[in-house]
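Below are the chains, spelled out letter by letter.
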Amino acid sequence: MCLIATCVVSAKFNKQNTNVESESPTSEDTDMDEIESISDNLVSLRLKSLDNVKFGNGHFCSGSIIKPNAVLTVAHCVHGLKKNEIVVVKGSSELATKTSETKLYRVRKIFIHENYRNTTKVFDIALLELRLKDKVKRKTVALANKNTIKDLDKDEECQMSGWGAKKHSDHTETIKITSVKFVKSKTCNNTAPFTGKVQIGMFCAASQSKTMSVCTGDSGAALMCEDKVVGLVSWGLETCGKHNQPTVYTDVGFHYDWIKIKMAKIRPLCDIDDDDYDDGYNFGE
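In what follows, the accompanying structure is described. From a predicted model like this one, the values you see are computed outputs, not experimental measurements.

## Structural notes on the pairing of strand β13 (residues 222–225)
Bridge count for strand β9 (residues 158–162) against β13 is two bridges, and the pairing is antiparallel. Each residue of the ladder has a partner; that of Gln159, found in β13, is Met224. Bridging between β13 and strand β14 (residues 228–235) involves four bridges; their strand directions are antiparallel. Note on β14: the bridge partner recorded for Cys225 is Lys228. Linkage of β13 to β14, two consecutive antiparallel strands, is achieved through a turn of two residues, within which Glu226 is found at a positive phi near 50 degrees.

This is how it looks when you write it as structure tokens:
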């Protein structure tokens, strides 16, 4: 049985195997205004080589814009990749459709947590600095701090959105949204196959949909509670779509200090004296 995170990494380099028996988060009555709002800060991480063949084909993970030129995601998404292999796409709710709002950005630098372990997914967090020089204000999302989860009502429904795989199909075309609730770590850790694997810096949450859940291709997507990024999709079962099936998230509050330290290393937008920045580029460049 394959875990989401493991499947994502292997699938990125398998051009022939894009079908996954899984389900993506979805809400049939999701308001389009809500979807467009989410697309302002949810980005698609793609392999440039595949996306240049067909726009949308390169999608392998998601991320969130937490600073105009910084994207937060999980380490397993970018582990083993070079910065020039990745393109970050924002501004479109449709995975394979370009609009006047769609922007494509190169990556200037990849920050992966120093203690990340690919086998256990501990410290599964990464930050991407975008090659961006314009000073236009962009919508960003707030981060949870160390106390956010403690202060949340554990019965509160939070939201996760992404372009994850659909059952017997490729990634879903439009951003889908699902409501999730927290699962106690003790409960999750006593449930096979998660037993003993939910470690420090992780937590569990389960989709409240009876047929939809987090799945392959959703890795790195943000779990939003009270308009803050509380968690990032890290790993879980490939056989998605089951009611109350837990997914393991990276705890953003736990990594708050690390994020702040790395964000301080990202160049300010006013520093545009070299050629290491651009304003986004067009498909095929």
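## Overview of the state of the cysteines
What we call a disulfide is simply a covalent bond connecting the sulfur atoms of a pair of cysteines. For the structure shown, the criterion picks out three disulfides. Disulfide pairing places Cys61 opposite Cys77 at an S-S distance of 2.0 Å. Here the disulfide of Cys61 and Cys77 is left-handed, its torsion about the S-S bond being about -85 degrees. Placement of Cys61 in strand β3 (residues 59–67) and of Cys77 in helix α4 (residues 75–78) is noted, with a sequence separation of 16 residues between them. Each member of the pair Cys61 and Cys77 is classed as buried. Disulfide partner of Cys158: Cys225, at an S-S distance of 2.0 Å. Looking along the S-S bond of the Cys158-Cys225 disulfide, the torsion reads about 115 degrees, which is the right-handed sense.

## What to know about the nonpolar core
Counting residues in hydrophobic clusters, the biggest one holds 39 residues, and the most contacted among them are Ile66, Leu72, Val88, Leu127 and Ile259. Excluding its chain neighbours within four sequence positions, the residues that come into contact with Leu72 are Gly63, Ser64, Ile66, Ile125, Ala126, Leu127, Leu143, Gly220, Leu232, Val252 and Ile259. In terms of nonpolar packing, the next biggest core, distinct from the first, is built from 16 residues, Ile149, Met160, Phe203 and Leu223 among them.

## A few points about helix α7 (residues 256–263)
Turning to α7, its buried residues are Trp258, Ile259, Lys262 and Met263. Considered in projection along α7, the buried side chains sweep an arc of 130 degrees and stay on one side of the axis.

## Quick look at the pairing of strand β15 (residues 246–251)
In summary, the side chains of a regular strand alternate between the two faces of the sheet. Burial analysis of β15 places six of its six residues in the buried class, the great majority of the element. Relative to β15, strand β12 (residues 202–207) runs antiparallel, the two sharing five bridges. Considered in β15, the bridge of Cys204 is made with Val248. Examined bridge by bridge, β14 and β15 share four bridges and lie antiparallel to one another. Across the sheet, Trp235 pairs through a bridge with Val248, a residue of β15.

## Observations regarding the side chain of Lys90
Positionally, Lys90 belongs in strand β5 (residues 86–90). In contact with Lys90, not counting residues within four places along its chain, are Asp40, Val43, Ile65, Glu101, Thr102, Lys103 and Tyr105.

## Details of the sheet that holds β3
Judged by pairing direction, the barrel is antiparallel, and its six strands sit side by side in the order β2-β3-β4-β7-β6-β5 before closing back on the first. Direction aside, the axes of adjacent strands within the sheet are offset by 40 degrees on average. The strands touched by α7 are β3, β4 (70–73), β6 (103–112) and β7 (126–130); relative to β7, the strand with the most contacts, the crossing angle is about 25 degrees.

## Some remarks on the pattern of salt bridges
Evaluation of the coordinates by the stated rule reveals four salt bridges. Where Glu129 meets Arg108, a salt bridge forms, and the shortest distance between an N and an O atom there is 3.2 Å. Taken together, the residues span a long stretch of sequence, with Glu129 in strand β7 and Arg108 in strand β6 at a distance of 21 residues. Residue classification places Arg108 among the buried residues on the basis of a relative accessible area of 14%. Of the charged contacts in the structure, one is a salt bridge between Lys146 and Asp257, with a shortest N-O distance of 2.7 Å. One end of the pair, Lys146, is in the loop between β8 (142–143) and α5 (148–151); the other, Asp257, is in helix α7, with 111 residues separating them in the sequence. We classify Asp257 as partly exposed; its relative accessible area is 39%.

## Some thoughts on the packing of aromatic side chains
Taken as a whole and assessed by the stated rule, the structure comprises four aromatic pairs. Note on Phe123 and Phe254: the rings are 6.3 Å apart at their centroids and 45 degrees apart in plane angle, and the pair reads as tilted. Of this pair, Phe123 sits in the loop between β6 and β7 while Phe254 sits in the loop between β15 and α7, and the two are 131 residues apart along the sequence. Against the face of Phe55 rests Arg46, its NZ or CZ located 4.5 Å from the ring centre.

## What to know about the side chain of Thr178
Along the chain, Thr178 turns up in strand β11 (residues 176–183). A relative accessible area of 3% means that Thr178 is categorised as buried. There is a polar contact of 3.0 Å between the side chain of Thr178 and the side chain of Ser207.

So, how was this worked out
Counting restarts for each chain: residues are numbered from 1 in the order of the written sequence. Where local features are concerned, this predicted model is filtered to residues with pLDDT of at least 70; where side-chain atom pairs are given and counted, the filter is 80 or more; whole-chain, interface and lining totals use all residues. To obtain the side-chain values, all non-hydrogen atoms of the structure were used and water was disregarded. In this description, strands pair whenever DSSP reports at least two bridges between them. Secondary structure elements are defined from DSSP: runs of H or I of at least 4 residues count as helices, runs of E of at least 2 residues count as strands, and each element is numbered from the N terminus. Working definition: a disulfide is two cysteine sulfur atoms within 2.5 Å of each other. Per-residue accessibility, obtained with a 1.4 Å probe over protein chains only, is compared with the maximum for each type, and a residue is labelled buried under 20%, exposed over 50%, and partly exposed between these values. Joining through side-chain atoms within 4.5 Å is the link that ties buried Ala, Val, Leu, Ile, Met, Phe, Trp, Tyr and Cys residues into a set, and such a set is a nonpolar core. Residue contacts are defined here by distance: any two heavy atoms, one from each residue, within 4.5 Å place the two residues in contact. In this context, the arc is that of the directions from the helix axis out to the C-beta atoms. Here an angle of 0 to 180 degrees is reported between the N-to-C directions of two axes, which are lines fitted to C-alpha atoms, with helices fitted over the stretch in contact. The salt bridge criterion pairs a side-chain nitrogen of Lys or Arg with a carboxyl oxygen of Asp or Glu, the two atoms within 4 Å. Two rings from Phe, Tyr or Trp (for Trp, the six-membered ring) form a pair when their centres sit within 6.5 Å of each other. Planes less than 30 degrees apart are called stacked, planes more than 60 degrees apart edge-to-face, and all others tilted. Sitting over a ring, as applied to charges here, requires NZ of Lys or CZ of Arg to be within 6 Å of the ring centre and within 35 degrees of the ring normal. In protein, a polar contact requires one atom able to donate a hydrogen and another able to accept it; more generally it is a pair of N or O atoms within 3.5 Å, and residues adjacent in sequence count only if both atoms are side-chain atoms.

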